[in-house]
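One letter stands for each residue in the lines below.
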Amino acid sequence: MGILIKGALAVLPDGAAHATGRHDIYVDGTDIVGIDEAPQGFVCSQTIDASNRLAIPGLINAHTHTYMSMMRNVADDLSFADWLFGTIEPIEDRLEPEDAYWASLLSQIEMIKSGTTCFNDMQMHIGQTTRAVRESGMRAVICRGLVGGEYDLDERRIREALEERDAFANCDRLTFRLGPHAPYSCGPDYLRGVAEVAKREGMGIHIHIAESQTETDNMWADHHCTPVEYVRDAGIFDVPTIAAHCIRVSESDRAILAEHGVSVVTNPASNMKLGNGFAPVPELVEAGVNVCLGTDGAASNNAQNMFREMSLLALIHKGTHDVPQCVSADETLAMATRNAARALDLPTGSIEVGKKADLVLLDLDAPSLTPLNNAVAALSYSANGSEVTDVIIDGKVVLQDRTLLTIDEERVRHEIARICTRLGLA
Ligand code: NI
């Protein structure tokens, strides 16, 4: 039983860029099965009149921590050390497993309603997050956060990650990676052990690298290498790796990332908010690195809205380089969609026959999209997420006329309030 999205103004891939035009999009099962032409035997069970809608591929949030949404607006205007060690970690220590379920649902509500269909999540509560994803209908890459100096200490966590992956082997919305937290929280032997498990199990890695100047300075003082070299020397780059931040990366670091096919996730709001600076995105692209975009967790962003992130990404490099051609609207949209699909090895990220049907419709009557003139520019510079009316993920409608069909929003708000009270945050 199929869905016909009729007469949408759709943003389709056009070589390395995007092209906008009026199209009918046919969805059957989980896939996009036709554009402008129904495939043979297509049975339409639902027609969406999209004559007043802009259709785009679902945005992919390539780095976040969805369990952190109850920590929104509780640790602001602090140094990175005071933020992480002084405020966030003490709250994390008091979390109960089910808190992560409700917080992940809250993050997912915000993401779906602002046009994100897939996220790459690093956290310690994978069972709770997979439960939330199963219910929300989102696509997710779930990465078990791993921290430690000694490899032997952590077999339980790795075992949990593998068990969770095996339990969801038949759910194609969920894939699993290992998430060694960062060079400063994982010793070299530990990282080597994680890389070996990843290699043996055919899993990718999701890690934070070179997030702050302090991290880079300490790495030089302790190990006489850069964070990128430290992670490479531990064998992590021998498996497919997606690295968050990469702010303090030298020219030689960028060459290493490119040589090993490491994808970098830039997180402009979080990086700026923590006073960590900016990833050298134009220079990474120039070196041949696949760059994608993420929000990071709500404790440091404080939003899970990829439109805001796209706007920041497209603007900050023009501002810091004094070059208005830097990080174009077209590149920005690619970083929020198909570059991330490539980084996460997912058959999504563009509106093409054969890709998964992860689609977002925006209201062309919204003041922020009027007049539209150039859809790709509108997505990077003027949209804010409030224009999103409908979201389809894996061929299922999860947001219809701005109403979430999969999550009880009121219940989630109630549970989050209860959690915040217990944690003394409210
Ligand atoms: Ni992070």
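Residues numbered from 1 in each chain as written. Predicted model: local features only at pLDDT ≥ 70, side-chain atom pairs only at ≥ 80, totals over all residues. Heavy atoms only, no water.

Draft legend 1. How the structure looks around the coordination of the nickel ion. Taken together, His 63 (NE2), His 65 (NE2), His 208 (NE2) and Asp 296 (OD) make up the full set of protein donors to the nickel ion, lying 2.1 to 2.4 Å away. Considering all 4 donor atoms around the nickel ion, the spread of angles at the metal, 86 to 174°, places the coordination shape in the irregular class. Counting residues between consecutive donors of the nickel ion along the chain gives the motif H-x1-H-x142-H-x87-D. Of this pair, His 208 sits in strand E10 (residues 204-209) while Asp 296 sits in the loop between strand E13 (291-293) and helix H11 (306-321), placing them 88 residues apart in sequence. Using a relative accessible area of 4% as the deciding quantity, one classes His 208 as buried. (Donors = N, O, S within 2.8 Å, 3.2 Å for Na, K, Ca; no water. Tetrahedral: all angles 85-135°; square planar, octahedral: opposite > 155°, others 65-115°. Helix = DSSP H or I, 4+ residues; strand = E, 2+ residues; numbered from the N terminus. Buried < 20%, exposed > 50% of the residue type's maximum accessible area, 1.4 Å probe, protein only.)

Draft legend 2. How the structure looks around the packing of aromatic side chains. Inspection of the entire model under this criterion finds 4 aromatic pairs. On the numbers, 5.9 Å between centres and 20° between planes, the contact of Phe 80 with Trp 83 is stacked. Placement of both Phe 80 and Trp 83 in helix H1 (residues 80-93) is noted, with a separation of 3 residues, approximately one turn of the helix. As far as the burial class goes, Phe 80 and Trp 83 line up, both buried. When the centroid spacing of 6.3 Å and the interplanar angle of 35° are considered together, the rings of Phe 168 and Phe 176 count as tilted. For Phe 168, a relative accessible area of 10% translates into the label buried. We classify Phe 176 as buried; its relative accessible area is 10%. (Phe/Tyr/Trp six-rings, centres within 6.5 Å; stacked < 30°, edge-to-face > 60°.)

Draft legend 3. Highlighting the side chain of Asn 302. For Asn 302, the location among the structural elements is in the loop between E13 and H11. Note on Asn 302: relative accessible area 13%, which makes it buried. Aside from chain neighbours lying at most four places away, what touches Asn 302 is Arg 72, Asn 73, Asp 76, Lys 273 and Arg 308. (Contact = heavy atoms within 4.5 Å.)

Draft legend 4. The arrangement of unusual backbone geometry in detail. Between Asn 301 and the following residue, Asn 302, the backbone shows a cis peptide bond with an omega angle of 10°. In this model, Asn 373 sits at a positive phi of 55°, which is unusual for a non-glycine residue. Within the secondary structure, Asn 373 is located in the loop between strand E14 (359-363) and helix H14 (375-382). On the accessibility criterion, Asn 373 (75% relative accessible area) is exposed.

Draft legend 5. View of the packing of helix H2 (residues 97-113) against helix H15 (residues 409-423). Close contact between H2 and H15 brings their axes to 9 Å; oriented N to C, the two are set at 130°. It follows from the interaxial angle that H2 and H15 lie oblique. Seen from above, H2 lies across H15 with left-handed handedness. Side by side, H2 and H15 meet where Asp 99, Trp 102, Ala 103, Leu 105, Leu 106, Ile 109 and Lys 113 of the first sit next to Glu 409, Arg 411, Val 412, Glu 415, Ile 416, Arg 418, Ile 419 and Arg 422 of the second. (Axes fitted to C-alpha atoms, helices over the stretch in contact; angles between N-to-C directions. Parallel < 35°, antiparallel > 145°, perpendicular 65-115°, else oblique. Left-handed = near helix turned anticlockwise from the far one by under 90°.)

Read these as spatial facts, not as claims about activity.
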